[in-house]
Amino acid sequence: AGGDQAKQASKLRVGASIDFAPFEFQDEGQKDYQGFDMDLIRAVAKEMGSEAEIQNIGFDGLIPALQAKNIDVIISGMTINDERKEKVAFSDPYYQSGLTMVVRSDEENIKSFSDLKGHKVAAQIGTTGAKMAKEMEGVTVSELNTPADCFMELKAGGVDAVINDRPVNDYYINQSQATGVKTLADRLSAEDYGIAMAKDNTELQQKINAALKKLHDNGEYDKIYQKWFGA
Ligand code: GLN
């Protein structure tokens, strides 16, 4: 029993919003969560002599779950920004991202972010995309639970554009079910993803950064990157 307890204690409790392919998602008939973040956090945990135990938590519930100490870390395509740094600590950046838009294929009026005035936009609740959209003048914003909900609303004609992270939009557009929509080249911002942990947990922060550095040095990070993003 002592052994079991030690094993239990060494688990790294991870929160992720499993709705963000290719970073975190679940395929029909697949038990384990998949994606770049999932492979990365499993490798980080292993490097720390631990094991990742991943919980699916809606994006806007992730920071509250961390603050309630229900999880030890968040990895969920989460952008490092000052607002969040007031509540959590972040690891070193592990992925460079940014925001783009998806519109209907026949859309002719929206070619860039500056064309959004007077239009309806959807974004995932609690994200940087939703925040940016709400700051735009004359734009009506629907904050929905998942990017999939946003894309559905776009196809149904309820909104004219979806603001979401570029790699997720690109992945979605390349899927077979993504008919009738296209992604635009215009990029709104450059954003870095980080692994979040409790603000006062500098020990865990240092361990995670050391593990990330090790994975960069030993080529494991590159392997995971190649697997999900190709060359
Ligand atoms: N990168 C965006 C953010 O941090 C979106 C993340 C997500 O939806 N998983 O707000």
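Since this is a predicted model, take the numbers as computed values, not measurements. (Residues numbered from 1 in each chain as written. Predicted model: local features only at pLDDT ≥ 70, side-chain atom pairs only at ≥ 80, totals over all residues. Heavy atoms only, no water.)

Before going further, it helps to examine the packing of aromatic side chains. Summed over all chains, the structure comprises 19 aromatic pairs. Consider the rings of Tyr221 and Tyr225, whose centres lie 6.3 Å apart with planes at 25°: the pair is stacked. Here Tyr221 and its partner Tyr225 are both found in helix 9 (residues 220-229), 4 residues apart, which amounts to about one turn of the helix. Considering the side-chain rings of Tyr225 and Phe229, the 5.0 Å spacing of their centres and the 45° angle between planes classify their relative orientation as tilted. Taken together, the positions of Tyr225 and Phe229, both in helix 9 and 4 residues apart, correspond to about one turn of that helix. By relative accessible area, which is 29% here, Tyr225 ends up partly exposed. Taken together, the ring pairs connect Phe20, Phe23, Phe36, Tyr94, Tyr95, Tyr193, Tyr221, Tyr225 and Phe229 into an aromatic cluster. (Phe/Tyr/Trp six-rings, centres within 6.5 Å; stacked < 30°, edge-to-face > 60°. Helix = DSSP H or I, 4+ residues; strand = E, 2+ residues; numbered from the N terminus. Buried < 20%, exposed > 50% of the residue type's maximum accessible area, 1.4 Å probe, protein only.)

Strand order in the open sheet formed by 5 strands is 2-1-3-11-4, and the pairing between neighbours is mixed. Because the sheet does not close on itself, it has two edges, and the strands there are strand 2 (51-56) and strand 4 (88-90). Of the pairings in the sheet, the one linking strand 1 (residues 11-16) to strand 3 (residues 73-74) comprises 2 bridges and is parallel in character. Within strand 3, the position partnered with Gly15 by the bridge is Ile74. Running over the sheet, helix 2 (residues 36-47) touches strand 1, strand 2 and strand 3 and is turned about 145° from strand 2. Here helix 8 (residues 202-217) sits on the sheet and contacts strand 1, strand 3, strand 4 and strand 11 (196-198); the angle it forms with strand 11, its principal contact strand, is near 155°. (Pairing = 2+ DSSP bridges. Contact = heavy atoms within 4.5 Å. Axes fitted to C-alpha atoms, helices over the stretch in contact; angles between N-to-C directions.)

Here we come to helix 8. Helix length check: helix 8 (16 residues) gives 22 Å between terminal C-alpha atoms against 22 Å at 1.5 Å per residue, within 8%. Along helix 8, the positions that sit buried rather than exposed are Leu204, Ile208, Asn209, Ala211, Leu212 and Leu215. Viewed along the axis of helix 8, the buried residues span an arc of 160°, placing them on a single side of the element. For helix 8, exposure combined with an orientation more than 90 degrees from the buried face picks out Glu203, Gln206, Lys213 and Asp217. For helix 8, the elements touching its buried residues are strand 1, helix 2, strand 3, strand 11 and helix 9. Just downstream of helix 8, Gly219 is the residue with a positive phi angle, here 85°. (Expected span 1.5 Å × (residues − 1). Arc of directions from axis to C-beta.)

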